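Take a look at the letters that make up each chain.
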2 protein chains.
Amino acid sequence: MYKVIAEDLNQQVYESLRYMILSGELVPDQKLVQEELAQRLQVSRTPLLSAFAKLEREMLLTSIPRRGYYVRSVNLNELLQIYEIRLRLEPLGAYEAASNINEEEIEKLMIKTEALGLLDDEKLNSQFRSYDYAFHSTIMQMSNNPFLEKMVSSFNLVTLGNLTGMLRNVRDSLAEHTVILRSILTHDSEKAEQAMFKHVEVAKKRIEQYILEKDCS
Amino acid sequence: MYKVIAEDLNQQVYESLRYMILSGELVPDQKLVQEELAQRLQVSRTPLLSAFAKLEREMLLTSIPRRGYYVRSVNLNELLQIYEIRLRLEPLGAYEAASNINEEEIEKLMIKTEALGLLDDEKLNSQFRSYDYAFHSTIMQMSNNPFLEKMVSSFNLVTLGNLTGMLRNVRDSLAEHTVILRSILTHDSEKAEQAMFKHVEVAKKRIEQYILEKDCS
DNA sequence: ATAAAAAATTTTGTATACATAATAAAGAAA
DNA sequence: TTTCTTTATTATGTATACAAAATTTTTTAT
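Reading guide: rules and limits
- Residues numbered from 1 in each chain as written.
- Chains lettered and ligands numbered in written order.
- Predicted model: local features only at pLDDT ≥ 70, side-chain atom pairs only at ≥ 80, totals over all residues.
- Contact = placed C-beta atoms within 7 Å.
- Helix = DSSP H or I, 4+ residues; strand = E, 2+ residues; numbered from the N terminus.
- Nonpolar A, V, L, I, M, F, W, Y, C, P; charged D, E, K, R; others polar.
- Pairing = 2+ DSSP bridges.
- Axes fitted to C-alpha atoms, helices over the stretch in contact; angles between N-to-C directions.
- Parallel < 35°, antiparallel > 145°, perpendicular 65-115°, else oblique.
- Least-squares fit on C-alpha atoms with pLDDT ≥ 70 in both.

Chemist: Would you mind going over the interface of chain B and chain A in detail, with residue names and values included?
Modeler: Between chain B and chain A, the contact holds 22 residues from the first and 22 residues from the second. Put simply, the parts of the chain that give the side of chain B that touches chain A at least two residues each are helix H3 (45-57), helix H4 (76-99) and helix H7 (146-162) of chain B. Per element, the largest residue contribution to the side of chain B that touches chain A is seven residues, and it comes from H4(B). Looking at side-chain class alone, the side of chain B that touches chain A contains eleven nonpolar, four polar and seven charged residues.

What follows is the structure, given as structure tokens:
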């Protein structure tokens, strides 16, 4: 009994899993039981395994041979390592995005950002993760550098998937996003680059803070 | 009829394919016929497909649905985009490597570098690709940042796999490598970072040169 | 002979089968 | 009971089976 059609099942499964990580449906350290997931996604284990392989390579999953695949959990030091990379890549992306700007997309992000700012804390927190992912992804896409886009998108996902509970003040983030978007809108590459640098730097420092606090306790 | 044992076949196949790209056995735009490759590697198509998925994600392969997988060929502009990224990441890696130095490994690289310098042009050229890959990989590994390591290693492979015939003067590269290694050996992080930056920058400029020349013709 | 259509072949994508390792459950000994 | 074996169950890794798409070859018509 064969399924009718399905445009690139591999890709679909892959994206579903990514979304499940972003949404928190799949949490760090969770074991991914193949048959169970396959049934949930209505596919066989074959495309699932291909997706696992991809996600393993981008460090969203870990594979323990003969034991299975697990959602990768990163500790604070690893998170810091990721921010060290993002700090160098995202400003580049923002710079390029300001040159290759797609106004419509940026306007949309602006509106989303404003809308989010109006929500009460609870709603804001529940929607922030996917919003933040979209924010960074859209800009990196706009950089027109597919290599950059793919890399950063993995790192964003790892970050967001592992950052439960210790998100920095989300409203500060929104404010910084606005500055970045405005710089891009005015084609001010340098300013966009700087603003993105600052934005990532603050997040990175927050992690360093956490590490210090933990070391003391 | 089942094969006896095989420690992580997935991984083996994946690494074989990477090696085949590095060595030039698999060239850009080549189609990867599944059954053919599977036989060559003595495995079934299942682990092969997982490896393909990984390599696709790291942009070493392209998949055209219902058509198959191809070795990705990158044009000069894409190559430039990759160097833009390497320019930001590899100096970071060199910096960290200088702190976490493993002397033995660096000594080994030193010796290899010297040995290569003594070869005549033909031999040098034929060995340079895998040497260069090892050089950059070893340093990134030493940075102790697995995210950085994985990413840069993909980019190096794409670069080397697509750079046939237009390698810059290889002896200049060797000289730069020596400077980098010496900086790492003396734990001079800043100098290692700078030297790596210069090294990648020269390569990047070489690509820009090529682009200009092509635009004129 | 050339072009178009039809048939045969190959190749891909996905599901399934099956051996072996890993885990859980049941039973025996202390 | 608690702990150690032994047995049963489940899950993973890999090979294989098979439908549908893509490609090649052959046939037919102009």
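Having seen the model, we can carry on.
Chemist: A description of the sheet that holds strand E3 (residues 68-71) of chain B should follow, citing residues and the corresponding values.
Modeler: Residue and element names in this part refer to chain B. Across the sheet, three strands lie side by side as E1-E3-E2; this open sheet has antiparallel pairing. Each edge of the open sheet carries a strand with a single partner, namely strand E1 (31-32) and strand E2 (61-64). Two strands pair when backbone bridges link them, and E2 and E3 are joined in this way by four bridges, in the antiparallel orientation. Across the sheet, Ile64 pairs through a bridge with Gly68, a residue of E3. Across the sheet, H3 lies against E2 and E3, angled at about 110 degrees from E2, the strand it touches most.

Chemist: Account for the packing of helix H1 (residues 9-23) of chain A against helix H7 (residues 146-162) of chain A, with residues named and values stated.
Modeler: Residues and elements named next belong to chain A. Two elements in contact, H1 and H7, have axes whose closest approach is 8 Å; the angle formed by their N-to-C orientations is 40 degrees. Taken as axis vectors, H1 and H7 run oblique relative to one another. On the side of H1, the interface is formed by Arg18, Ile21 and Leu22, while H7 contributes Leu157, Leu160 and Gly161. The residue makeup of the contact of H1 with H7, split by class, is four nonpolar, one polar and one charged.

Chemist: Give a detailed account of the sheet that holds strand E2 (residues 61-64) of chain A, specifying residues and quantitative values.
Modeler: If you trace the three strands from one edge of the open sheet to the other, you get E1-E3-E2 (chain A), paired in antiparallel fashion. Either end of the sheet is taken by a strand with one partner, and the two such strands are strand E1 (31-32) and E2 of chain A.

Chemist: Report on the relation of the copies chain B and chain A, specifying residues and quantitative values.
Modeler: If you rotate chain B by 180 degrees and push it 0.0 Å along the axis, it lands on chain A with an RMSD of 0.0 Å. Here the two chains are linked by the operation of a two-fold rotation axis. By residue overlap, the copies meet face to face through one surface: 100% of the interface positions of chain B are interface positions in chain A.

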